[in-house]
Amino acid sequence: MKITLFQPKYPHGKSQVYLPGGLMNLGSRLLNASIDVSFFDLNFTRLDSTEVQSALACERIGFSVLGHPYIPEV
């Protein structure tokens, strides 16, 4: 199985400089279960980049929605 996890772009005009702990915790658990996981922080990687577009050919996609500002974006 292949899963791609995203941190959405910060909605208030500036970029965050870290991935949330919950997303990293989930990803590390999936990796430990021998699942192929890709991580992307959309503060620093464009959704239309070649790397992201190729990673979207996966079985599951996950987004971090820690905090209500991210829910409309997702």
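Anything mentioned here points back to the structure above.
Let us look at the structure shown here.

About the cut-offs
- Residues numbered from 1 in each chain as written.
- Predicted model: local features only at pLDDT ≥ 70, side-chain atom pairs only at ≥ 80, totals over all residues.
- Heavy atoms only, no water.
- Core = buried A, V, L, I, M, F, W, Y, C linked by side-chain atoms within 4.5 Å.
- Buried < 20%, exposed > 50% of the residue type's maximum accessible area, 1.4 Å probe, protein only.
- Helix = DSSP H or I, 4+ residues; strand = E, 2+ residues; numbered from the N terminus.
- Contact = heavy atoms within 4.5 Å.
- Phe/Tyr/Trp six-rings, centres within 6.5 Å; stacked < 30°, edge-to-face > 60°.
- Patch = residues over 30% accessible without salt bridge, like charges linked within 9 Å, V, L, I, M, F, W, Y side chains within 5 Å.
- Areas by Shrake-Rupley, 256 points an atom, 1.4 Å probe, with all protein chains shown as cover.
- Salt bridge = Lys/Arg side-chain N within 4 Å of Asp/Glu carboxyl O.

What follows concerns the nonpolar core. Listed in full, the 6 residues of the largest apolar core are Ile3, Leu5, Leu23, Leu30, Ile35 and Val37. Those elements that provide at least two residues to this core are β1 (2-7) and α1 (21-32). Aside from chain neighbours lying at most four places away, what touches Leu30 is Ile3, Ile35 and Val37. One finds Phe40, Leu42, Val52 and Ala55 within the second-largest nonpolar core, a separate group that totals 5 residues.

For the rest of this paragraph, the subject is the packing of aromatic side chains. Considering all chains together, one arrives at 2 aromatic pairs under this definition. Ring centres of Phe6 and Phe40 lie 5.7 Å apart, and the angle between their planes is 25°; this geometry places the pair in the stacked category. Highlighted residues: Phe6 in strand β1 and Phe40 in strand β2 (residues 36-41), separated in sequence by 34 residues. Each of the two residues, Phe6 as well as Phe40, counts as buried. Taking 5.1 Å as the distance between ring centres and 20° as the angle between the ring planes, the aromatic pair formed by Phe6 and Phe63 counts as stacked. In this pair, Phe6 sits in strand β1 while Phe63 sits in strand β3 (residues 60-63), placing the two residues 57 residues apart along the sequence. Exposure remark for Phe6: the relative accessible area of 1% places this residue in the buried category. Put simply, the rings of Phe6, Phe40 and Phe63 pair up and form one aromatic cluster.

Moving on: a nonpolar patch on the surface. Taken together, the side chains of Ile61, Phe63, Val65 and Ile71 make up a nonpolar region of the molecular surface, amounting to roughly 350 Å² of accessible area. Topologically, Ile71 is positioned in helix α3 (residues 70-73).

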